[in-house]
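Here are the chains, one letter per residue:
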Amino acid sequence: MRSLLLPSRALAFSLAGLLAVAACSSDSSDTGGSGSTSCSFQLSGGLSGSPTCTPLGTFYVADGNMTEFGFTPAFGGDPSTLVAISFTGQPSQKTYHETDAGTVAAISVSSGSSAWAMQTADTANGIPATGSFVLTVTSVSTITTASAGNSYQLHGTLTATLPAEAGTSATGTVTLKATF
């Protein structure tokens with residue numbers, strides 16, 4: 001299986017922060033720390049199917065004024081998935097795009113020796129943007145509040161266009177649609 005690489009140091013820190021905050025979340029229910037009780041992925045195009053989807057959580061980190069959004073990485077399954085998105089400010093009912101100022105994102109799907117991914121540009125490291133996403137948040141509820149930040153329950157949809165990654169056997173484009 002091909003390992004999934006994050007597109008930039010900023011996103012690596014973002015994902016590490018998201019996972020750390022999720023591990024420390026006071027929400028011990030079976031909702032993945034986000035309070036969301038359901039989630040579904042649907043893949044179409046170069047790869048089709050409905051891989052496992054588990055909400056990881058949405059956390060606003062006051063130091064840095066960033067919101068971390070994602071789904072629990074489904075590594076080891078077939079297909080493997082990764083969704084990690086950071087955007088400026090606290091979450092609100094609106095539509096977010098990969099081109100929004102301050103947004104850092106990586107969304108990828110792999111199966112066997114094939115991989116498809118979108119990522120925001122990392123100009124400092126010469127990594128161009130690929131693919132796109134539209135994250136539409138239809139409702140936001142605060143779960144916990146702390147001086148370091150807040151955790152939220154979000155509901156909405158995510159649609160991402162993931163082009164085939166060079167150096168893999170992937171062809172075409174995969175569309176990932178998530179409802180949470």
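Reference entry: report on the structure contained in this document. All values derive from a computational prediction rather than experimental measurement.

A few words on the overall build of the protein. Along the protein, the regular secondary structure elements total 1 helix and 10 strands. Moving toward the C terminus, one meets the helices and strands of the protein in the order α-β-β-β-β-β-β-β-β-β-β. Entry remark: accessible area of the protein is about 8100 Å², with carbon and sulfur atoms responsible for 53%.

Below, the discussion takes up the state of the cysteines. Inspection of every chain in the model, using the stated rule, returns 1 disulfide. One disulfide in the model links Cys39 with Cys53; its S-S distance is 1.7 Å. Remark: Cys53 occurs in the loop between strand 1 (40-45) and strand 2 (55-61) and Cys39 occurs in the loop between helix 1 (9-24) and strand 1; sequence separation between them is 14 residues. Look at Cys53 and you get buried, because its relative accessible area is 13%.

Right, let's talk about the pairing of strand 8 (residues 132-146) for a bit. Bridging between strand 5 (residues 95-97) and strand 8 involves 3 bridges; their strand directions are antiparallel. Its bridge partner being in strand 8, Thr95 is matched across the sheet by Thr136. Pairing of strand 8 with strand 9 (residues 149-163), which is carried by 13 bridges, proceeds in the antiparallel orientation. Counted as the bridge partner of Phe133 is Ala160 from strand 9. Connecting the antiparallel pair strand 8 and strand 9 is a turn made up of 2 residues.

In this description, an aromatic ring pair is defined by two values, namely the gap between the centres and the angle between the planes. Within this structure, the stated rule accounts for 5 aromatic pairs. The interplanar angle of 55° and the centroid separation of 5.2 Å between the aromatic rings of Phe69 and Phe180 together place this pair among those described as tilted. In this pair, Phe69 is assigned in strand 3 (residues 66-74) and Phe180 in the segment after strand 10 (173-179), connecting sequence segments 111 residues apart. With respect to burial, Phe69 and Phe180 carry one shared label: buried.

A few words on the pairing of strand 10. Only one face of strand 10 is buried: it carries Val174, Leu176 and Ala178, and the other face, with Thr173, Thr175, Lys177 and Thr179, is open. Looking at chain direction, strand 1 and strand 10 are connected through 6 bridges and run antiparallel. The residue of strand 10 that forms the bridge with Ser40 is Thr179. Sheet topology places strand 9 next to strand 10; 7 bridges connect them, and they run antiparallel.

It is worth spelling out the environment of Pro91 at this point. Secondary-structure assignment places Pro91 in the loop between strand 4 (80-88) and strand 5. The exposure class assigned to Pro91 is buried, which follows from its relative accessible area of 10%. As for Pro91 and Val140, which are separated by 49 residues in sequence, their C-alpha atoms are 7.1 Å apart. When sequence neighbours within four positions are dropped, the list of residues in contact with Pro91 reads Thr58, Thr67, Tyr96, Val140, Tyr152 and Leu154.

Counting residues in each nonpolar core, the largest one holds 30 residues, and the members touching the most others are Phe71, Ile107, Phe133, Leu158 and Leu176. Sorting the residues of this core by element identifies strand 1, strand 3, strand 4, strand 6 (104-111), strand 7 (114-119), strand 8, strand 9 and strand 10 as the ones contributing at least two each. Of all the elements, strand 9 adds the most residues to this core, at 5 residues. Ignoring any residue separated from it by four or fewer positions in sequence, one finds Ile107 in contact with Leu82, Val83, Ile85, Trp116, Ala117, Met118, Phe133, Leu158, Ala160, Leu162 and Leu176.

Here we take up unusual backbone geometry. You will see that Asn65, though not glycine, has its phi angle at about 55°, which is positive. With respect to the helices, strands and loops of the structure, Asn65 is situated in the loop between strand 2 and strand 3.

Procedures and definitions
Numbering of residues begins from 1 in every chain and follows the order in which that chain's sequence is written. This being a predicted model, a pLDDT of at least 70 is required before a residue's local features are given, and a value of 80 or more before pairs of side-chain atoms are given or counted; all residues contribute to the totals for chains, interfaces and linings. The side-chain values count all of the structure's non-hydrogen atoms but skip hydrogen atoms and water molecules. Runs of H or I in DSSP of at least four residues are treated as helices and runs of E of at least two as strands, each being numbered from the N terminus. In these tables, accessible area is a Shrake-Rupley quantity obtained with a 1.4 Å probe, and a residue counts as shielded only by the protein chains included in the view. By definition, disulfides here are pairs of cysteine sulfur atoms that lie within 2.5 Å. With a 1.4 Å probe rolled over the protein chains alone, any residue whose accessible area is under 20% of its type maximum counts as buried; one over 50% counts as exposed, and the rest are partly exposed. Being paired, for any two strands, means DSSP has found at least two bridges between them. When two rings of Phe, Tyr or Trp (its six-membered ring) have centres within 6.5 Å they constitute a pair, described as stacked for plane angles under 30 degrees, edge-to-face for angles over 60, and tilted for the intermediate range. Should any heavy atoms of two residues lie within 4.5 Å, those residues are counted as being in contact. Note on terminology: a nonpolar core comprises buried Ala, Val, Leu, Ile, Met, Phe, Trp, Tyr and Cys residues joined through side-chain atoms within 4.5 Å.

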